[in-house]
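Next come the chains, spelled out residue by residue.
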Amino acid sequence: THQWRGIIEEYRDRLPVTDTTPVVTLGEGGTPLVAAQSLSEATGCDVYLKVEGANPTGSFKDRGMTMAITRAREEGAKAVICASTGNTSASAAAYAGRAGMVSAVLIPQGKIAMGKLGQALVHGAKILQVDGNFDDCLVLARGLSENYPVALVNSVNPVRIEGQKTAAFEVVDALGDAPDVHVLPVGNAGNITAYWKGYREYAADGVSTRTPRMWGFQASGSAPIVRGEVVKDPSTIATAIRIGNPASWELAVAAKDESGGSIDEVTDRQILRAYKLLASREGVFVEPASAASVAGLLKAAEAGRVDPGQRIVCTVTGNGLKDPDWAVAGAPQPLTVPVDAAAAAEQLGLG
Ligand code: F0G
């Protein structure tokens, strides 16, 4: 039997490590590619979900973080820093703790999901809430890493992208070739950059015969790439992608242009609809930001922009347990019954 060894061991020859690099891993990657039945029916396509919430800290960030912390340790760093809407901080805290390094995380005050804050806390991060948004946090983190002995592990660190590109390798390895379309939520725009790099590498080396069109979706209230200008006060219920000035903006636009894809927006209402559909029909519980990819696919299908018969992969980036508020909000309270089979059966409509 084969035990998945984490992305660095599995894709060692395609990553910037040497035989002596001290690998810090939690066994990240190797995530399920789930055939999505109701989405396939709705679109007339073969739709798959790349379920990144199955990573060790519950998001795709672990792919980049195993690389970033591994290389930081190799270079002798004692401390790492990141700005985060929550998932990067959870991942950095876990991997840094494992490597015996200090992690410092800067988060926008009051705007990260409770599960993610809990992760950063329990993994031992030094947390500062910043009186500002993610974009302000990133400016601060960059400045600190330039002037103090602390390594930046945001996706502006190129080894993060190297780690995250492995998700594209896994998709091709599972399907036998690249899909027609790959759909992603876009926040700071590192992940769409990473997938596009991975797909291009596999195609260049003949592992796949082609590359997919990259479709990125931002939340309407936080859609600087769609608008073509920085959004000063970004807003969306999808706090993970509440970003007004993405660091990898140009690279995301390049991924879109080179692949013949698009970057569009979805409203919070469309995100919540996809979020509920994913959980109730596909059995996959994701956080709201992750549902932006699926919301985007449904939006495109309803507008007649999805030709039937294609193979489409949607990345769902983070686990729903990180941010369950939206699962509970607006849902009816469970009924209370006595310890009585007849009463329970009646309430369940079984009688
Ligand atoms: N989905 C989730 C669940 C995320 O946490 C993020 C980004 C994205 C999508 C967007 O990915 O930034 O590469 O375009 N989260 C970062 C963080 C910003 O701090 O955790 P992106």
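Small disclaimer: the values here were computed from a predicted structure and weren't measured. (Residues numbered from 1 in each chain as written. Predicted model: local features only at pLDDT ≥ 70, side-chain atom pairs only at ≥ 80, totals over all residues. Heavy atoms only, no water.)

Points about the UniProt feature "binding site: pyridoxal 5'-phosphate" (unreviewed entry) in the protein chain
Applicable threshold: UniProt positions are given in the numbering used here, feature names are shortened, and annotations may be inferred rather than shown by experiment. For the purposes of this entry, the term helix denotes a DSSP run of H or I that reaches at least four residues, the term strand denotes a run of E that reaches at least two, and both are numbered from the N terminus. Exposed residues in this analysis have more than 50% of their type's maximum accessible area, buried residues have under 20%, and partly exposed residues fall in between, with area computed by a 1.4 Å probe over protein chains only. Throughout, a contact is declared for two residues whenever any of their heavy atoms are within 4.5 Å.
Mapped onto this numbering, the UniProt entry annotates "binding site: pyridoxal 5'-phosphate" (unreviewed entry) at N87, G187, N188, A189, G190, N191 and T317. For the residues just named, distributed over 231 residues, the greatest C-alpha separation is only 14.2 Å, placing them together at one site. Along the chain, the position of G187 falls in the loop between strand 7 (181-185) and helix 9 (190-204). The buried category is assigned to G187, whose relative accessible area is 10%. Residue contacts for G187: discarding those within four places in its chain leaves Q218, I241, I243 and P246. You can see T317 is positioned in the loop between strand 10 (311-316) and helix 14 (325-328).

What to know about the confidence of the model for the protein chain
Our working rule: Confidence of the predictor at the level of single residues is captured by pLDDT, which takes values from 0 to 100.
Confidence in the prediction for the protein chain averages 97 pLDDT; 100% of positions are at 70 or higher. Of the two predicted TM-score estimates for the complex, the pTM is 0.97 and the ipTM is 0.99.

Let's talk about the side chain of N188
Topologically, N188 is positioned in the loop between strand 7 and helix 9. Other than its neighbours up to four places away in sequence, N188 contacts F134, L138, S155, I243, N245, P246, A247 and S248.

Side note on helix 11 (residues 249-259)
To keep things clear, this is the line we draw: Arc, as used here, means the arc of the directions from the helix axis to the C-beta atoms.
Restricting attention to buried positions, one finds in helix 11 the residues W249, A252, A255 and S259. The buried side chains of helix 11 occupy one side of the element, clustering within an arc of 125° when seen end-on. In the core, the buried residues of helix 11 are packed alongside helix 9, strand 8 (213-219), helix 10 (224-227) and strand 9 (262-266).

Here we look at the sheet that holds strand 4 (residues 102-108)
As a reminder, the rule being used: Whether two strands pair depends on DSSP finding at least two bridges between them. Only C-alpha atoms enter the line fits that serve as axes; for helices the fit covers just the stretch in contact. Angles between N-to-C directions range over 0 to 180 degrees.
One open sheet holds the 4 strands; their spatial order is 5-4-3-6, and the pairing between them is parallel. Edge positions in the sheet fall to strand 5 (126-130) and strand 6 (151-152), since each of these pairs with one other strand and no more. Alignment of strand 4 against strand 5, held across 5 bridges, turns out to be parallel. Directly across from L106, in strand 5, lies its bridge partner L128. Strands strand 3 (79-83), strand 4, strand 5 and strand 6 of the sheet are contacted by helix 6 (residues 134-147), whose axis makes an angle of about 155° with strand 3.

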